[in-house]
Amino acid sequence: VYINTLQSKQATVDKIFDKVDVDVSTITEFAHIKDRKSTLNEFINANAELMDTRKNAEAILTEELNKRAVSQKSIDAYIKGYRDGQTEQHALLLKIDVTNTQSMEVWLSIMDLLESKGGVWEPYPENFSIQTEDEELIEKFNKLLERTDSIANEQAKYIEELQSQ
């Protein structure tokens, strides 16, 4: 049951991730920002559920085994084997989940910024960005983009480490 739950939650996160659109150069009306913010929030919430499932793996497994009337000694041995086999991979998966949430939160901040500065910027498809004369907007926008790059680089290290196992 735990594996099925985990797979289901991961599939939900993946499905929502496929709907996430952070290409600001295609925002031509405020409804686009609201839709994107809604999808970002949906992702953050689904990812939080996935992380909770990962964090509570041992408790969920123990509960499942107790429901099947497995002896405590066998449960302890099973959990120890699970823990020994999963610890490093489990920690890396959680780190990847955390960076996913961090990235989406920064993109929410970007959408909030664009929403608050409506009318002073316009899409710039040639650069997959925006253009504006508002220096404050440019500075804040660029800092947020730098943060997404930093998170992506951090996540890439975790993914590389996971794949090397």
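As shown above, the structure is provided for reference.
Residues numbered from 1 in each chain as written. Predicted model: local features only at pLDDT ≥ 70, side-chain atom pairs only at ≥ 80, totals over all residues. Heavy atoms only, no water.

### What about the nonpolar core?
- One finds Val24, Ile110 and Leu114 to be the most contacted residues of the largest nonpolar core, which totals 33 residues.
- Secondary structure elements with two or more residues in this core: helix H1 (2-19), helix H2 (30-55), helix H3 (57-67), helix H4 (72-116) and helix H5 (135-163).
- Looking at this core, the element that brings in the most residues is H4, giving 11 residues. (Core = buried A, V, L, I, M, F, W, Y, C linked by side-chain atoms within 4.5 Å. Buried < 20%, exposed > 50% of the residue type's maximum accessible area, 1.4 Å probe, protein only. Helix = DSSP H or I, 4+ residues; strand = E, 2+ residues; numbered from the N terminus.)

### Let's talk about the pattern of salt bridges
- If you walk through the whole model with that rule in mind, you get 12 salt bridges.
- For Glu115, the salt bridge is made with Lys34, and the minimal N-O distance between the two is 2.8 Å. Pair noted here: Glu115 is in helix H4 and Lys34 is in helix H2, with a separation of 81 residues, a long-range link.
- Relative accessible area serves as the criterion here: at 23%, Glu115 is assigned to the partly exposed category.
- Look at Lys34 and you get exposed, because its relative accessible area is 51%.
- With a closest N to O distance of 3.4 Å, Glu136 and Lys117 form a salt bridge. (Salt bridge = Lys/Arg side-chain N within 4 Å of Asp/Glu carboxyl O.)

### Comments concerning the packing of H2 against H4
- Taken N-terminus to C-terminus, the directions of H2 and H4 make an angle of 160°; their axes are 9 Å apart at the nearest point. As summarised for this structure, H2 and H4 are arranged roughly antiparallel, according to the angle between their axes. Between H2 and H4 lies a crossing whose hand is left-handed. (Axes fitted to C-alpha atoms, helices over the stretch in contact; angles between N-to-C directions. Parallel < 35°, antiparallel > 145°, perpendicular 65-115°, else oblique. Left-handed = near helix turned anticlockwise from the far one by under 90°.)

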